[in-house]
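Summary of structural features
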Amino acid sequence: ACSPNRDLKEAPVPLGDFSLQHNIVVAPKAMRGPLSRPATEDELTEAVRSAMAERFGRYQGASRYHFGISVEGYLLAQPGVPILLAPKSALILNLTVYDDAAGKKLNDEPEQITVLETFGTAPIIGTGYTMSAEEQLKELSQNAAKAVERYLVRQNREAGWFTPDTSGLAQGALTPVSN
């Protein structure tokens, strides 16, 4: 019931004229948190890239945008002592959004996104006991994609990132075709 992807079968949250074209994920300097299970650079990048593609591949706007994502750190919980020590998994990434038509970044500074494992999956025991490192990374990546979606929706609402520019129509720059 707490799956970060439970909403993917529904219509996507409105995001203006958005269409994801390039989904670039790197992790050359990803820091492994204390007592974390290990993950390779390839495992980190593929998990995040797949989660972003799954969530944002649903958007079919006419304007092209690109993600530049850098995985900065992760913690994949190991089994702990139930109740006393139930470590939580975490993922930290930096996101830059590029507007293809404008040929520029939409956010001057990368947006840092930090996500934790989904609460409710194992509240007392912790995912170190209930999930493999791969399962934890997949869930964290899905949570990160959902957090990116929330960020983009907020930016579109506040700054009009993905709203088509219709100012030319309002100013009469385009003339209608008459029959």
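Note that the structure is a prediction, hence the values are computed from the model and not measured.

With 38 residues, the main nonpolar core has Phe18, Met52, Phe56, Phe67, Leu91, Leu152 and Phe162 as its most contacted residues. Broken down by secondary-structure element, the contributors of at least two residues to this core are β1 (18–26), α1 (41–56), β3 (63–75), β4 (90–99), β6 (111–116) and α3 (133–159). The greatest single-element share of this core, amounting to 10 residues, is contributed by α3. Ignoring any residue separated from it by four or fewer positions in sequence, one finds Leu152 in contact with Leu15, Phe18, Phe56, Phe67, Val97, Trp161 and Phe162.

On to a negative patch on the surface. Taken together, the side chains of Glu41, Asp42, Glu43, Glu134 and Glu135 define an acidic patch exposed on the protein surface. Breaking the negative patch down by element, the ones donating at least two residues are α1 and α3. The leading source of residues in the negative patch is α1, at 3 residues. Of note, Glu135 is situated in helix α3. When its relative accessible area of 42% is taken as the criterion, Glu135 is described as partly exposed.

This part covers the packing of aromatic side chains. Scanning the entire structure with this criterion turns up 10 aromatic pairs. With a centroid separation of 5.7 Å and 90 degrees between ring planes, the pair formed by Phe18 and Tyr59 is classed as edge-to-face. Highlighted residues: Phe18 in strand β1 and Tyr59 in the loop between α1 and β3, separated in sequence by 41 residues. Here the two residues Phe18 and Tyr59 agree in accessibility, since each one is buried. Relative to Tyr65, the ring of Phe18 has its centre 5.6 Å away and its plane inclined at 10 degrees; by these criteria the two rings are stacked.

The rules we used
- Residues numbered from 1 in each chain as written.
- Predicted model: local features only at pLDDT ≥ 70, side-chain atom pairs only at ≥ 80, totals over all residues.
- Heavy atoms only, no water.
- Core = buried A, V, L, I, M, F, W, Y, C linked by side-chain atoms within 4.5 Å.
- Buried < 20%, exposed > 50% of the residue type's maximum accessible area, 1.4 Å probe, protein only.
- Helix = DSSP H or I, 4+ residues; strand = E, 2+ residues; numbered from the N terminus.
- Contact = heavy atoms within 4.5 Å.
- Patch = residues over 30% accessible without salt bridge, like charges linked within 9 Å, V, L, I, M, F, W, Y side chains within 5 Å.
- Areas by Shrake-Rupley, 256 points an atom, 1.4 Å probe, with all protein chains shown as cover.
- Salt bridge = Lys/Arg side-chain N within 4 Å of Asp/Glu carboxyl O.
- Lys, Arg positive; Asp, Glu negative; His and termini not counted.
- Charge placed at Lys NZ, Arg CZ, Asp CG, Glu CD.
- Phe/Tyr/Trp six-rings, centres within 6.5 Å; stacked < 30°, edge-to-face > 60°.

These figures come from the coordinates and say nothing about function on their own.
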